[in-house]
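What follows is each chain in one-letter form.
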Amino acid sequence: MYTLAFETSCDETSAAVLKNDTVLSNVILSQYFHSEFGGVVPEIASREHLKSIVEITEKALKEANIHLKDINIVAATSEPGLIGALLIGLNFAKSLALSLKVPFVPVNHIQGHIYSSFIQKEKFEFPFISLIVSGGHTLLIEVQDFFRHNLLGTTVDDAAGEAFDKVAKMLGLGYPGGPEIDRLAKKGNPDFHKFPLAHIKNKPYDFSFSGIKTSVLYFLREINYIEDNNDKLTANICASFQKAVVDSLFLKAKKAAENLNIKSISVSGGVSANTGLKEKFSSLINKGYRIYLPEPSYSTDNAGMVGITGYFKYMHTNDKAIFNDVTFNSRAMPRIKYEAV
Ligand code: KG4
Ligand code: ZN
């Protein structure tokens, strides 16, 4: 079974080809030029997707050594994301499916991040706790089986990656800020300053990062950072801020695993590339936990994760008829909720 998959929900134009659950190619074009605006500009992102989608598709097919006529299903991110950006990949994918007379499978981007941890990895088992940490999302989910997701908690304000990006901006670092903070944190002292961890009353699995972000802002003002900074100080602030975010994510995910008696945790999304976060979760391995982390190329937005999720969704949906008529299957595009089961 060959799947052709697309991801265009934000600022990556990506196409992938899979043979069953194995990714044969995963071509990603990142729109780095948004950094000059300090964030993604939706209109420009959509136009860039439009410009490059055909070329990216051809490249993905060529790298996989597969012809369009061999494709059995087409998958694309259907939500959530920037609407103009989503529409490029979605309409392109649906049109392709229509012309190839193959089923089209809509994929929820968050679910894509959940299953990204298992690409090119050994077999995984349910249930597991899934922590999704990206620029737009922070979610803690109990995954009981394929597409049986129980939402435990989410952020009440900023996403974890957004906090990294905003703090990087305050420190005069580039966008996206996460990788820069991660790099500098390695040279700094995480105990240099204690930024507060948020606890939300009666919601043990919800996150909040705006408090940490504001306390960094006040601290920078207090020490007159703009006028009086140096590399060591910046590294120390990065290390202390990263520790606060990582501890908050880690403690809540661990608490969920303990309370639900689940011994497997998956951490995915762009922030899962963070060195401190990976180290912290990996420390649970010698306590009997299984920790699933995506390969770096599958941690930020990519079509490989959309492909594996589309493939699993197709295989685990009993009524395949819902995928057959691509002209109508926007009705088969449920707003996927994280229903309690
Ligand atoms: O999953 P992703 O590519 O896009 C969204 O769906 O949002 O995540 C991008 C986010 C950005 O906020 C970026 O700063 C963050 O992931 N990020 C990191 C690291 N690499 C990327 N944050 C912390 N440490 C990293 N190494
Ligand atoms: Zn994402």
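Keep in mind it's a predicted model, so treat the numbers as computed, not measured.

**Notes on the overall build of the protein**
Move 1: Counting secondary structure elements, the protein contains 10 helices and 10 strands.
Move 2: Taking 20 Å as the expected radius of gyration for a compact globule of 341 residues, we find that the protein reaches 20 Å, a close match to that expectation.
Move 3: Viewed in the frame of its principal axes, the protein has a C-alpha envelope of about 65 × 45 × 30 Å.
Move 4: Taking all 341 residues of the protein together, the buried fraction comes to 54%.
Move 5: For the protein, restricting intrachain contacts to residue pairs at least 6 apart in sequence, the fraction spanning at least 24 positions comes to 72%.
Move 6: Of the roughly 15500 Å² of accessible surface on the protein, 53% is carried by carbon and sulfur atoms.

**Concerning the packing of helix α4 (residues 160–170) against helix α6 (residues 210–222)**
How two helices pack is summed up by the angle between their axes together with the distance between the axes.
Move 1: Close contact between α4 and α6 brings their axes to 10 Å; oriented N to C, the two are set at 10 degrees. Looking at the two axes, α4 sits roughly parallel to α6. Between α4 and α6, the contacting residues are Lys166, Val167 and Met170 on the first element and Lys213, Val216, Leu217 and Leu220 on the second.
Move 2: Residues belonging to the contact of α4 with α6 are distributed by class as follows: five nonpolar, no polar and two charged.

**Some remarks on the coordination of the zinc ion (ligand 2)**
Move 1: Those protein atoms acting as donors to the zinc ion (ligand 2) are His109 (NE2), His113 (NE2) and Asp301 (OD), and they sit at 2.0 to 2.2 Å.
Move 2: Here the zinc ion (ligand 2) binds four donor atoms, and the angle range of 95 to 143 degrees at the metal identifies the geometry as irregular.

**What to know about the site of ligand 1**
Move 1: Around ligand 1 sit 20 residues in total, of which Gly135, Asp165, Gly178, Asp182 and Asn274 are the nearest.
Move 2: Here glycine 135 contributes a backbone N or O atom positioned 2.8 Å from an oxygen atom of ligand 1.
Move 3: Taken together, the elements giving at least two residues each to the shell around ligand 1 come down to α3 (109–116), α4 and α5 (177–185).
Move 4: Take the shell around ligand 1: its biggest share by element is four residues, from α5.
Move 5: For the shell around ligand 1, the class distribution of residues is five nonpolar, 12 polar and three charged.
Move 6: Built from parts of two domains, the shell around ligand 1 gets at least three residues from each of domain 1 (2–114 + 299–324) and domain 2 (124–294).

**Observations regarding the sheet that holds strand β6 (residues 128–133)**
Move 1: Strand order in this open sheet of five strands is β8-β7-β6-β9-β10, and the pairing throughout is mixed. The outermost strands of the open sheet, each flanked by one partner alone, are β8 (148–154) and β10 (290–292). Neighbour-to-neighbour, the strand axes of the sheet open up by a mean angle of 20 degrees, direction not taken into account.
Move 2: Against the sheet, helix α8 (residues 275–282) contacts β6, β9 (264–268) and β10, and its axis sits at roughly 175 degrees relative to β9.

**Quick look at the domain arrangement of the protein**
Move 1: Annotation of the protein at the domain level lists domain 1 (2–114 + 299–324) and domain 2 (124–294).
Move 2: Here the C-alpha centre of domain 2 lies 27 Å away from the C-alpha centre of domain 1.
Move 3: Taken together, the 15 residues of domain 1 in the interface contact 21 residues of domain 2.
Move 4: Summed over both sides, the interface between domain 1 and domain 2 buries roughly 1400 Å², with carbon and sulfur atoms accounting for 75% of that surface.
Move 5: Between domain 1 and domain 2 we count zero salt bridges in total.
Move 6: Our enumeration of links across domain 1 and domain 2 arrives at two residue pairs in polar contact (both at pLDDT 80 or more).
Move 7: Of all the elements, α3 adds the most residues to the side of domain 1 that touches domain 2, at four residues.
Move 8: Grouping the constituent residues of the side of domain 1 that touches domain 2 by class yields five nonpolar, nine polar and one charged.

**Let's talk about the environment of isoleucine 110**
Move 1: Among the secondary structure elements, isoleucine 110 is positioned in helix α3.
Move 2: Looking at isoleucine 110, the relative accessible area reads 3%, which means it is buried.
Move 3: When the C-alpha positions of isoleucine 110 and alanine 244 are compared, they lie 24 Å apart, and in sequence the two are 134 residues distant.

**Comments concerning unusual backbone geometry**
Move 1: Residue phenylalanine 126 is joined to proline 127 through a cis peptide bond whose omega torsion reads -5 degrees.
Move 2: By secondary structure assignment, the location of proline 127 is in the loop between α3 and β6.
Move 3: Residues tyrosine 175 and proline 176 are joined by a peptide bond in cis, for which omega reads -5 degrees.
Move 4: Phi at asparagine 65 is positive, roughly 60 degrees, even though this residue is not glycine.
Move 5: Following the sequence through the fold, asparagine 65 ends up in the loop between α1 (42–64) and β4 (73–79).
Move 6: For asparagine 65, a relative accessible area of 68% translates into the label exposed.
Move 7: Phi angles above zero are rare outside glycine, and glutamine 120 is one such case at about 55 degrees.
Move 8: Take glutamine 120: it is sitting in the loop between α3 and β6.

**Quick look at α8**
Move 1: Every buried residue belonging to α8 is among Gly276, Leu277 and Phe281, and all of these are buried. Looking down the long axis of α8, one finds its buried residues gathered within 125 degrees of arc, a one-sided arrangement.
Move 2: Of the surrounding elements, those touching the buried residues of α8 are β6, α5, α7 (231–260), β9 and β10.
Move 3: The N-terminus of α8 is capped by asparagine 274, whose side-chain oxygen sits 3.0 Å from the backbone nitrogen of glycine 276.

Calculation criteria
Note that residues are indexed from 1 along each chain, following the sequence as it is written. Here chains are named by letter from A upward and ligands by number from 1 upward, in the order in which they appear as written. Predicted model: local features are reported for residues with pLDDT of at least 70 only, side-chain atom pairs are reported and counted for 80 or more only, and whole-chain, interface and lining totals are derived from all residues. Only hydrogens and water are set aside when side-chain values are computed; all heavy atoms of the structure are taken into account. Counting from the N terminus, the helices are DSSP H or I runs at least four residues long and the strands are E runs at least two residues long. Radius of gyration means the value over C-alpha atoms here, while the globule rule gives 2.2 Å times the residue count to the 0.38 power. Each residue is assigned to one of three classes by its accessible area relative to the maximum for its type, calculated with a 1.4 Å probe on protein chains only: buried under 20%, partly exposed between the two thresholds, exposed over 50%. Any two residues whose heavy atoms approach within 4.5 Å at even a single point are treated as in contact. Surface accessibility in these figures is a Shrake-Rupley result with a 1.4 Å probe; residues are shielded only by whichever protein chains are displayed. Every axis in this analysis is a line fitted to C-alpha atoms, fitted for helices over the stretch in contact. Angles between the N-to-C directions lie between 0 and 180 degrees. Angle categories are assigned with fixed cut-offs, so that under 35 degrees is roughly parallel, over 145 is roughly antiparallel, 65 to 115 is roughly perpendicular, and the rest are oblique. For this scheme, ten residues count as nonpolar: Ala, Val, Leu, Ile, Met, Phe, Trp, Tyr, Cys and Pro. Four count as charged, namely Asp, Glu, Lys and Arg, and the remainder, Gly too, count as polar. Counted as donors are the N, O and S atoms within 2.8 Å of the metal, or 3.2 Å for Na, K and Ca, while water is not among the atoms, so some sites may look incomplete. Site shape is set this way: if four donors have all angles between 85 and 135 degrees, tetrahedral; if opposite donors are over 155 degrees apart and all others between 65 and 115, square planar for four donors and octahedral for six; otherwise irregular. Throughout this document, a residue counts as near a molecule or strand when at least one of its heavy atoms sits within 4 Å of that molecule or strand. A 3.5 Å cut-off defines polar contacts: any pair of N or O atoms within that distance qualifies, except that in protein one atom must be a possible hydrogen donor and the other a possible acceptor, and neighbouring residues in sequence count only when both atoms are side-chain atoms. Domain delimitation in this document rests on an assignment produced automatically or drawn from a domain database. Being paired, for any two strands, means DSSP has found at least two bridges between them. By buried area we mean how much accessible surface two parts lose on assembly, using a 1.4 Å probe and totalling the loss over both. We count a salt bridge whenever a side-chain nitrogen from Lys or Arg sits within 4 Å of a carboxyl oxygen from Asp or Glu. The arc under discussion is defined with respect to the helix axis, by the directions toward the C-beta atoms.

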